[in-house]
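Structural description and commentary
Chain by chain, the residues run as shown.
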Amino acid sequence: MVGNLKPEIFKLLAGPLMAFVAFVSIGQSIDYNSIILPESVNDASFEEKLVRLAWKNNPSTKILNRQVETAQIEVKQARWSFLNDFRVQGNINEFVLDESTDLAGRAAFFPKYNITGQVSLGFFVDVPLEVKKKKQQVAIAESTINQQKLALRAEVLTRYEKYLMNRESLLVQTEIVEDLFASLSLAEQQFQNGAIKLEEYNRIQDRYNAQKLRQINSQGDFNISKIELEELIGVKLENVL
């Protein structure tokens, strides 16, 4: 009996479940206009300012915007392309221009003028399809911009996190070197006074040299991460307001 109820229960739950999935999917849609905060937002965090600067100063942004503008112009061109296939012709009865030549009164048997026009049958198919195609190209260009926004934002934030990590690593390593330098200075005095042997002094000096080398590497990693971040934002990190 219970086994027979399972399919019925599933059918009852299927509708609400699908509605819930659809609701969640809609709720998770991306607002691409909020990925890059506009200049009017003054209380943006430091990270958001970096993202905004990178978007503003990145040459690819200008390229993508011009691609959208070009695609929009092509839509307008496609809408008016029917003029290429539209033809209008006309002529005027020669006797209208000079009645003195109509000695036999023939002008009464001919129209004074006539106008004819023609439109290619392809206009009714080709033009709408071409407009639709150009609109798709606009949508593609706009989607490319949105994709660039996501990629650039992720890259800026990733490089900024790397910069922060290397900065903290350098600070820690600097403190270690300073402590070891104090220990080395003390050991040097103790060695001169004969309080410790040469082996003990060399051991402390080796520890200092090893940590000093790590400090040099940390300094290099920090400098490189700063350069890589400034490459994206286009200005010195110290100048970001």
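These figures come from a predicted structure and were not determined experimentally. (Residues numbered from 1 in each chain as written. Predicted model: local features only at pLDDT ≥ 70, side-chain atom pairs only at ≥ 80, totals over all residues. Heavy atoms only, no water.)

Description of the overall build of the chain
For the chain, the helix and strand inventory stands at six helices and two strands. When the elements of the chain are put in sequence order from the N terminus, they spell out α-α-α-β-α-β-α-α. Expressed as a percentage of the 241 residues in the chain, the buried residues total 24%. Relative to all contacts within the chain whose residues are 6 or more apart in sequence, the contacts with residues 24 or more apart total 73%. Carbon and sulfur atoms make up 58% of the accessible area of the chain, which totals about 17700 Å². (Helix = DSSP H or I, 4+ residues; strand = E, 2+ residues; numbered from the N terminus. Buried < 20%, exposed > 50% of the residue type's maximum accessible area, 1.4 Å probe, protein only. Contact = heavy atoms within 4.5 Å. Areas by Shrake-Rupley, 256 points an atom, 1.4 Å probe, with all protein chains shown as cover.)

Things to note about the environment of Gln148
Following the sequence through the fold, Gln148 ends up in helix H5 (residues 123-192). By relative accessible area, Gln148 is classed as partly exposed at 21%. It is 8.8 Å that separates the C-alpha atoms of Gln148 and Leu64, two residues lying 84 residues apart in sequence. Residue contacts for Gln148: discarding those within four places in its chain leaves Trp55, Asn58, Ser60 and Leu64.

Points about the packing of helix H2 (residues 46-57) against helix H6 (residues 198-233)
Axis separation between H2 and H6 bottoms out at 7 Å; the angle between their running directions is 55°. Taken together, the axis directions place H2 and H6 in an arrangement best described as oblique. Note on element contacts: H6 touches H2 through Leu229, Leu232 and Ile233, opposite Leu50, Leu53, Ala54 and Asn57. Taken together, the residues of the contact of H2 with H6 sort by class into six nonpolar, one polar and no charged. (Axes fitted to C-alpha atoms, helices over the stretch in contact; angles between N-to-C directions. Parallel < 35°, antiparallel > 145°, perpendicular 65-115°, else oblique. Nonpolar A, V, L, I, M, F, W, Y, C, P; charged D, E, K, R; others polar.)

So, the packing of aromatic side chains
Applying the stated criterion across every chain, the model contains five aromatic pairs. Geometrically, the ring pair formed by Phe191 and Tyr201 is stacked, given 5.5 Å between the ring centres and 20° between the ring planes. Taken together, the residues span a long stretch of sequence, with Phe191 in helix H5 and Tyr201 in helix H6 at a distance of ten residues. Of the residues examined, Phe191 reaches a relative accessible area of 34% and is grouped as partly exposed. The buried category is assigned to Tyr201, whose relative accessible area is 13%. (Phe/Tyr/Trp six-rings, centres within 6.5 Å; stacked < 30°, edge-to-face > 60°.)

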